[in-house]
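Chains, contacts and geometry: an overview
What follows is the residue order along each chain.
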Amino acid sequence: MEEEKGCCCHKTKERTAEEYKDLIHRLNRIEGQIRGIKGMVERDAYCTDILTQVSAVTAALNSFNKVLLANHIRTCVATDIREGKDDTIDELVVTLQKLMR
């Protein structure tokens, strides 16, 4: 499921086709929202209208994080704990602390 990899992240994860499709779909929507905000700035849209769209992007990113985190706990974390890899718990705690900044 996970393997060492020579990049900034030390693990990888194979996702099901359904999970991959859902995550990419969410990211594509967020990307479109960001492009929309950029266009609003370029067109000198009213500040509160832009802020409303930024709030929508923030909510979409939070939703993406919740889906990804839940799947991570159900798969990677659960598997590692079953295999006795307790350092995964520490990694999860650090990740949660970063998400809660």
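None of these values were measured; they are calculated from a predicted model.

Conventions we followed
Residues numbered from 1 in each chain as written. Predicted model: local features only at pLDDT ≥ 70, side-chain atom pairs only at ≥ 80, totals over all residues. Heavy atoms only, no water. Core = buried A, V, L, I, M, F, W, Y, C linked by side-chain atoms within 4.5 Å. Buried < 20%, exposed > 50% of the residue type's maximum accessible area, 1.4 Å probe, protein only. Helix = DSSP H or I, 4+ residues; strand = E, 2+ residues; numbered from the N terminus. Contact = heavy atoms within 4.5 Å. Axes fitted to C-alpha atoms, helices over the stretch in contact; angles between N-to-C directions. Parallel < 35°, antiparallel > 145°, perpendicular 65-115°, else oblique. Left-handed = near helix turned anticlockwise from the far one by under 90°.

As a further point, take the nonpolar core. If you look at the biggest cluster of nonpolar residues, it comprises seven residues: Leu-23, Ile-30, Ile-37, Met-40, Ile-50, Val-57 and Phe-64. Listed by contribution, the elements that provide at least two residues to this core are helix 1 (17–42) and helix 2 (47–82). Looking at this core, the element that brings in the most residues is helix 1, giving four residues. For Met-40, the contacting residues outside a window of four places in its chain are Ala-45, Asp-49, Ile-50 and Gln-53.

At a closest axis distance of 10 Å, the pairing of helix 2 and helix 3 (residues 87–99) adopts a crossing angle of 165°. The angle between helix 2 and helix 3 places the two elements in the roughly antiparallel class. As helix 2 packs across helix 3, the resulting crossing turns out to be left-handed. Two secondary-structure elements touch here, helix 2 through Asn-65, Leu-69, His-72, Ile-73, Val-77, Asp-80 and Ile-81 and helix 3 through Thr-88, Ile-89, Glu-91, Leu-92, Leu-96 and Leu-99.

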